[in-house]
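Results of the structural survey
Spelled out from the first residue to the last, the chains are:
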Amino acid sequence: MFYYVLKYVVLGPVLKLLFRPRIEGLEHIPAEGAAIVAGNHLSFSDHFLMPAIIKRRITFLAKAEYFTGPGVKGRLTAAFFRSAGQIPVDRSGKNAGQAAIREGLGVLNKGELLGIYPEGTRSHDGRLYKGKVGVAVMALKAGVPVVPCAMVGTFEIQPPGQVLPKVKRVTVRFGEPLDFSRYAGLENEKAAIRAVTDEIMYAILELSGQEYVDRYAADVKAELEPAKKFPRRRGC
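Quick summary incoming for the structure in this document. Starting afresh in each chain, residues are numbered from 1 along the sequence in its written order. With pLDDT at 70 or above as the cut-off, local features in this predicted model cover only qualifying residues; side-chain atom pairs require 80 or more to be listed or tallied, and sums for whole chains, interfaces and linings still use all residues. Note that the side-chain values use all heavy atoms of the structure and ignore hydrogens as well as water.

Some details on the packing of aromatic side chains
- Classification of ring pairs rests on two measures: the distance between centres of Phe, Tyr or Trp rings, Trp counted by its six-membered ring, which must be within 6.5 Å, and the angle between planes, read as stacked under 30 degrees, edge-to-face over 60 and tilted in between. Tallying each qualifying case throughout the model produces three aromatic pairs.
- Relative to F48, the ring of F44 has its centre 5.5 Å away and its plane inclined at 65°; by these criteria the two rings are edge-to-face.
- For each residue, the accessible area found with a 1.4 Å probe, counting protein chains only, is set against the maximum for its type, and the residue is called buried under 20%, exposed over 50%, and partly exposed in between. You can call F44 partly exposed: its relative accessible area is 25%.
- Where F60 meets Y117, the ring centres are 5.4 Å apart and the plane angle is 25°; that geometry is what we call stacked. Taken together, the positions of F60 in strand β3 (residues 58-63) and Y117 in the loop between β5 (113-116) and β6 (128-129) put the pair 57 residues apart, joining distant regions of the chain. Each of the two residues, F60 as well as Y117, counts as buried. Each helix is a run of H or I in the DSSP string that is no shorter than four residues. Each strand is a run of E no shorter than two, and both are numbered from the N terminus.

This is the structure we're talking about:
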């Protein structure tokens, strides 16, 4: 109930008023039945802008850290994310991927919309990174279409590290649903799920116009961390 109050009364109207999103291809979202909406991930604002314009309820898989913060602020943040239709997923450990797939299939098996960012984390530089295969496994196991989505302009309004977004117009663009029924029964075949994932990422790339990087975003971020902690001094 609170999801719809947040969507149509509290947060949704404010987001639409401030950011005046251009919406393209909304007709590609199925009116009923299970489907995956797979998008690029440029900003913290993505979590709220996309759900605000989709008429149906959509559930996202979100990192568990949003739900485990300490103190009053942490509890309020967790309550907000749950109210916004987010499911916590622990991304640490060797079973993290299986946990995300299990939670995602639970949503799809109920005939609902599942939102997912195949890159696995926000882009730190505005480029589109290699997709993780969990989205393909879920699409094949559940036998559902995948609607590619591109958030355009959200990196500029709220890049990583910026708390408050700039008030600037953004675009949310949906592509035609991708049908992977030709891969039915191959959800355990590495070549098949990699091919499906790459097709999804290419569709997102076509919609977003981003530069593509054939590496996982998390790996690139990890390489940059030492440079942030120990910046080189001039003259050394």
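Concerning a nonpolar patch on the surface
- Each patch is assembled from residues with relative accessible area greater than 30% and no salt bridge, linking like charges that lie within 9 Å and nonpolar side chains (Val, Leu, Ile, Met, Phe, Trp, Tyr) that lie within 5 Å. Here, Shrake-Rupley sampling with a 1.4 Å probe gives the accessible areas, and only protein chains in the shown set may cover a residue. Here, a salt bridge means any Lys or Arg side-chain nitrogen found within 4 Å of an Asp or Glu carboxyl oxygen. A surface patch of nonpolar side chains, amounting to about 240 Å² of accessible area, comprises V14, L18 and V167.
- Overall, the relative accessible area of 58% leaves V167 in the exposed class.

Digging into unusual backbone geometry
- Not every positive phi belongs to a glycine, and R20 is a case in point at roughly 40°.
- Positionally, R20 belongs in the loop between α2 (12-19) and β1 (22-24).

Description of the pairing of strand β8 (residues 171-174)
- Note on pairing: two strands pair once DSSP finds at least 2 bridges between them. The pairing of β1 with β8 spans three bridges and is parallel. Considered in β8, the bridge of I23 is made with V172.
- In this sheet, β8 lies alongside strand β7 (residues 146-152) in antiparallel orientation, the contact comprising four bridges. When the sheet's bridge partners are listed, C149 is paired in β8 with F174.

Details of the layout of surface pockets
- Only protein atoms enter the 1 Å grid used here, on which a cavity is any set of points holding a 1.4 Å probe that cannot leave and a pocket is any open set flanked by protein within 12 Å on both sides along at least five of seven lines; residues with an atom within 4 Å of a point are listed as lining. Grid points are joined across faces, edges and corners, and a volume is the space filled by probe spheres set on the points. Of the voids in this model, the second largest pocket is the one considered here, and its volume is about 400 Å³.
- For the second largest pocket, the lining is made up of 18 residues, of which F44, S45, Q158, V163 and P165 are closest to its centre.
- In terms of residues, the lining of the second largest pocket owes the most to one element, α2, which gives three residues.
- Here the term charged refers only to Asp, Glu, Lys and Arg, the term nonpolar to Ala, Val, Leu, Ile, Met, Phe, Trp, Tyr, Cys and Pro, and the term polar to all other amino acids, Gly among them. Looking at the lining of the second largest pocket residue by residue, the classes come out as 13 nonpolar, four polar and one charged.

Some words on the sheet that holds β8
- With mixed pairing, seven strands are arranged side by side in an open sheet as β1-β8-β7-β2-β5-β3-β4. At either margin of the open sheet sits one strand with a lone partner, and together these are β1 and β4 (86-89). The sheet shows a mean angle of 25° between the axes of neighbouring strands, direction not considered.
- For β3 and β5, the ladder comprises three bridges, and the chain directions are parallel. What sits directly across from F60, in β5, is G115.
- Contacts: residue pairs with any heavy atoms within 4.5 Å of one another. A fitted line through C-alpha atoms serves as each axis, taken over the contacting stretch for helices, and the angle formed by two N-to-C directions is quoted from 0 to 180°. Its contacts with the sheet place helix α6 (residues 134-142) against β2 (35-39), β3, β5 and β7, and it is angled at close to 165° to β2.

Here's the deal with the pattern of salt bridges
- Applying the stated criterion across every chain, the model contains six salt bridges.
- In this structure, D198 and R194 form a salt bridge, with 3.1 Å as the shortest nitrogen-oxygen distance. Note that D198 and R194 are positioned in helix α8 (residues 190-208) at a spacing of four residues, about one turn of the helix.
- With a relative accessible area of 35%, D198 lands in the partly exposed category.
- Notably, a salt bridge pairs E223 with R215, separated by 2.6 Å at the nearest N-O pair.

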